[in-house]
Amino acid sequence: KSKEPSQNLREREREREREKERTHKQTKKMDLLGDLGATDQLTSERAENKLLKQKVKDLTEEVHKLRVENQSLLAEVEMYRADAINGVNFTSFSKTTAAGDGEASGKEDSEEMFISSGDGIYPCDPAVTLPSLHGSSNPLCCALNHNDTVLATGGADRHISLCAWGSALSPAPDAAQTAVKNAARVRCEAPVISIAMSSDAAHSYPLVAAGCMDGTVQLASYDTSSSSSKVAAQALSLDRPIQHTKYVRSVAFAPSSSILASSSADGTVRLTKITSVSSAFSGDYFEKASAETQEIKTLHLSGAVEAMCFLEGGKILCCYVRNTSYLSYFDLEDGCKLTKYSLNGSGECVCFVCLNFILLLCMHKYIKNHYVSCHLFL
């Protein structure tokens with residue numbers, strides 16, 4: 001009897017020893033796994049730090065290059081400004097066809113210079129101010145008709161405003177306020193950001209086209225026959241609406257024809273023929289106004305078309321595409337054949353954007369049919 005308790009005691013001690021050994025082994029195994037996890041994490045962090053250091057190095061080099069390019073561009077801008085003050089002409093454009101490489105014109109005659117810097121004189125005092133032409137909203141675009149008697153403006157208030165520009169310049173003290181009061185207003189579906197006016201020769205009543213933020217082109221007819229100080233206008237209902245997928249950046253009528261061009265940020269230029277216009281003017285308003293249109297062609301360009309105009313009486317369509325260094329001339333009488341005129345003279349660097357085109361006039365004739373004035377933003 002005395003031996004049984006001692007044997008049980010020894011067995012319990014052995015069991016406790018075995019339990020301690022198992023616990024020790026498990027603890028040692030967990031420590032080993034923990035060390036391995038910590039080592040893997042440290043290795044991963046070191047690799048990530050190495051990648052980040054390389055990226056920082058690459059970005060630093062890129063910033064340095066951009067700074068050098070920026071200094072070069074600033075020096076070039078200062079050179080152009082100095083040329084503008086001194087009245088020096090820029091070099092002539094180089095010509096590039098769609099099928100071949102660029103070829104310098106090689107002509108030094110001043111008549112062949114595409115861009116001249118002007119005389120350094122700029123208007124600073126307004127001849128007249130039209131107050132609140134679009135209420136509290138901002139006017140976003142404007143255009144004069146062919147004889148400078150009617151001013152068309154488009155605004156953020158989604159309206160076209162047509163006022164008698166000639167009467168606004170009269171010496172009467174309230175002439176500007178009267179012109180605004182008598183202005184005709186045409187409602188559009190979206191803010192108007194581009195506008196153009198047709199000549200009187202194409203239709204019985206002159207037209208105005210408005211390019212809107214929603215991609216639509218709104219047409220309206222107007223009349224000033226009843227009064228030299230008052231304009232009547234009415235939106236035209238189109239049988240085939242003119243629609244782009246993005247905002248319409250520019251609109252232009254071909255001189256002495258019924259072709260309307262509209263360009264958009266979606267990279268397209270739509271050529272639309274206005275085949276007929278039905279407008280009945282009675283007294284101070286239009287009783288009815290509608291138009292039939294026919295799409296002639298849609299041009300697909302490489303980017304947003306910022307500016308556009310017709311040349312040579314509507315035979316050539318000149319376009320500027322964003323992020324390009326040239327003007328695109330499309331010959332409408334030769335299947336829209338493309339010819340490119342470089343804005344740089346040489347090279348493909350683009351440090352500007354053409355915002356608008358205006359044909360140069362001299363003695364009521366074009367100085368050069370295919371020469372235009374470019375408004376550049378550097």
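Before reading on, note that the structure itself is shown above.
Below you will find a few notes about this structure. Every value quoted in this text rests on a predicted model; they were computed, and no experiment measured them.

### Concerning the overall build of the protein
When you go through the protein residue by residue, the secondary structure sums to three helices and 24 strands. A buried classification covers 36% of the 378 residues belonging to the protein. Sequence-distant contacts, at least 24 apart, represent 51% of the contacts inside the protein between residues at least 6 apart. Accessible area for the protein stands at about 23100 Å²; split by element, carbon and sulfur atoms hold 51% of it.

### Here we look at the nonpolar core
Grouped together as the largest cluster of nonpolar side chains are 21 residues, with contacts concentrated most on I160, L162, V192, I195, M197, V208 and Y222. Looking at this core, the elements that each hand over two or more residues are β3 (139-144), β4 (150-155), β5 (159-164), β6 (184-187), β7 (192-197), β8 (207-212) and β9 (216-223). Judged by nonpolar contacts, the second largest core, of 16 residues, contains L207, I242, L260 and V277.

### Some thoughts on the sheet that holds β6
Pairing between the strands of a sheet comes from backbone hydrogen bonds, and it takes one of two forms, parallel or antiparallel. With antiparallel pairing, the four strands of this open sheet are ordered in space as β3-β4-β5-β6. The sheet is open, and its two borders are formed by β3 and β6, each paired with just one other strand. The sheet shows a mean angle of 20° between the axes of neighbouring strands, taken without regard to direction. Here β3 pairs with β4 via five bridges, running antiparallel. If you follow P139 over to β4, its bridge partner there is G155.

### What about the pattern of salt bridges?
Under the defined criterion, the tally for this structure stands at six salt bridges. The residue E15 makes a salt bridge to R18 at a minimum N-O spacing of 2.7 Å. With a gap of three residues between them, E15 and R18 both fall in helix α1 (residues 3-86), about one helical turn apart. R18 sits in the partly exposed class, given a relative accessible area of 39%. Put simply, R270 and E295 hold a salt bridge, and the shortest N to O gap is 3.2 Å. Taken together, the residues R270 in strand β15 (residues 268-282) and E295 in strand β16 (residues 285-300) connect sequence positions 25 residues apart. Residue R270 is classed as partly exposed on the basis of its relative accessible area, which comes to 21%. Each member of the salt-bridge network shares a partner with another, and the members are R249, E306 and R322.

### Remarks on the side chain of S161
Here S161 is to be found in strand β5. For S161, a relative accessible area of 1% gives the class buried. Not counting chain neighbours up to four residues away, the residues in contact with S161 comprise L133, H134, L151, A152, T153, A183 and A184.

Rules used throughout
- Residues numbered from 1 in each chain as written.
- Predicted model: local features only at pLDDT ≥ 70, side-chain atom pairs only at ≥ 80, totals over all residues.
- Heavy atoms only, no water.
- Helix = DSSP H or I, 4+ residues; strand = E, 2+ residues; numbered from the N terminus.
- Buried < 20%, exposed > 50% of the residue type's maximum accessible area, 1.4 Å probe, protein only.
- Contact = heavy atoms within 4.5 Å.
- Areas by Shrake-Rupley, 256 points an atom, 1.4 Å probe, with all protein chains shown as cover.
- Core = buried A, V, L, I, M, F, W, Y, C linked by side-chain atoms within 4.5 Å.
- Pairing = 2+ DSSP bridges.
- Axes fitted to C-alpha atoms, helices over the stretch in contact; angles between N-to-C directions.
- Salt bridge = Lys/Arg side-chain N within 4 Å of Asp/Glu carboxyl O.

Purely geometric numbers; function is a separate question.
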